[in-house]
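Reading the structure
If you want the building blocks of each chain, they are given just below.
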Amino acid sequence: LDYWLDAVMSSSSEVGICLHNGGVVQGYRAVPTDSLPAGGGICTDGGFSPAAVSSCAVSVLRFLQQHCTREAATYWLVRRDGGQELELYDISCDDTLELGEPEPD
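Along each chain, numbering runs from 1 in the same order as the chain's sequence is written. With the structure being a predicted model, the display of local features is reserved for residues of pLDDT at least 70 and the display and counting of side-chain atom pairs for 80 or more, all residues being used for whole-chain, interface and lining totals. The side-chain quantities take in all heavy atoms of the structure and omit both hydrogens and water.

**A word on the overall build of the chain**
To qualify as a helix, a DSSP run of H or I must reach at least 4 residues; to qualify as a strand, a run of E must reach at least 2; elements of each kind are numbered from the N terminus. Scanning the chain from N- to C-terminus turns up two helices and four strands. Moving toward the C terminus, one meets the helices and strands of the chain in the order α-β-β-α-β-β. Classification of residues uses two cut-offs on accessible area relative to the type maximum, computed with a 1.4 Å probe and protein chains only: under 20% is buried, over 50% is exposed, and between them is partly exposed. Counting over 105 residues, the chain shows a buried share of 13%. In what follows, a contact means two residues having at least one pair of non-hydrogen atoms within 4.5 Å. In the chain, the proportion of contacts linking residues at least 24 apart, taken out of those at least 6 apart, comes to 17%.

**Considering unusual backbone geometry**
Notably, Ser11 is not glycine yet its phi reads approximately 55 degrees, a positive angle. Mapped onto the secondary structure, Ser11 falls in the loop between helix H1 (2-9) and strand S1 (14-21). Even without being glycine, Ala72 reaches a positive phi, approximately 60 degrees. Residue position: Ala72 is located in the loop between helix H2 (50-67) and strand S3 (75-78).

**Points about the environment of Arg79**
Looking at where Arg79 falls in the secondary structure, it is placed in the loop between S3 and strand S4 (87-90). Accessibility expressed as a relative area gives 55% for Arg79, which makes it exposed. Definition of a polar contact: a pair of N or O atoms within 3.5 Å, with one able to donate and the other able to accept a hydrogen when the atoms are protein atoms, and with sequence-neighbouring residues admitted only if both atoms are side-chain atoms. At 3.4 Å, the side chain of Arg79 and the backbone oxygen of Gly83 are in polar contact.

**Considerations on a nonpolar patch on the surface**
Patches here: salt-bridge-free residues with over 30% relative accessible area, like charges joined within 9 Å, nonpolar side chains (Val, Leu, Ile, Met, Phe, Trp, Tyr) joined within 5 Å. Each accessible area value is a Shrake-Rupley result obtained with a 1.4 Å probe; residue values ignore everything except the protein chains displayed when judging cover. Salt bridges are defined as contacts in which a side-chain nitrogen from Lys or Arg sits within 4 Å of a carboxyl oxygen from Asp or Glu. A grouping of Trp76, Tyr89 and Ile91 is seen on the molecular surface, where their side chains present a nonpolar patch of about 310 Å² in accessible area. Tracing the chain through its elements places Ile91 in the segment after S4. Judged by its relative accessible area of 43%, Ile91 falls in the partly exposed class.

**Things to note about the pattern of salt bridges**
All chains considered together, the criterion is met by two salt bridges. The closest approach of N and O atoms between Arg70 and Asp90, which form a salt bridge, is 3.1 Å. Taken together, the positions of Arg70 in the loop between H2 and S3 and Asp90 in strand S4 put the pair 20 residues apart, joining distant regions of the chain. Residue Arg70 is classed as partly exposed on the basis of its relative accessible area, which comes to 48%. Judged by relative accessible area, Asp90 falls into the partly exposed class, the value being 37%. Residues Glu87 and Arg80 are paired through a salt bridge, measuring 3.2 Å at the closest nitrogen-oxygen approach. A relative accessible area of 25% places Glu87 in the partly exposed class.

Encoded structure:
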């Protein structure tokens, strides 16, 4: 998925893969970006659906548009291990607070 996303975002037609076993390089392969969702001939886990990835990305972007409402704020988006829900935290710093000083109520 990572290789496919990188390739799609950079409009690359192929991805270079380094094959290794126990840290010893066994060879290299150029894999067409279009074949990566089906495993690209290098993995056997069944692959993924590009349409499902796009749908999920749209959902996340909508969530961020709805909840990131403060101008120039800094947010932290978290999904816990094994969890399905996204958590969004506003972690913007108030310039008037000293480091380590608790926020006023």
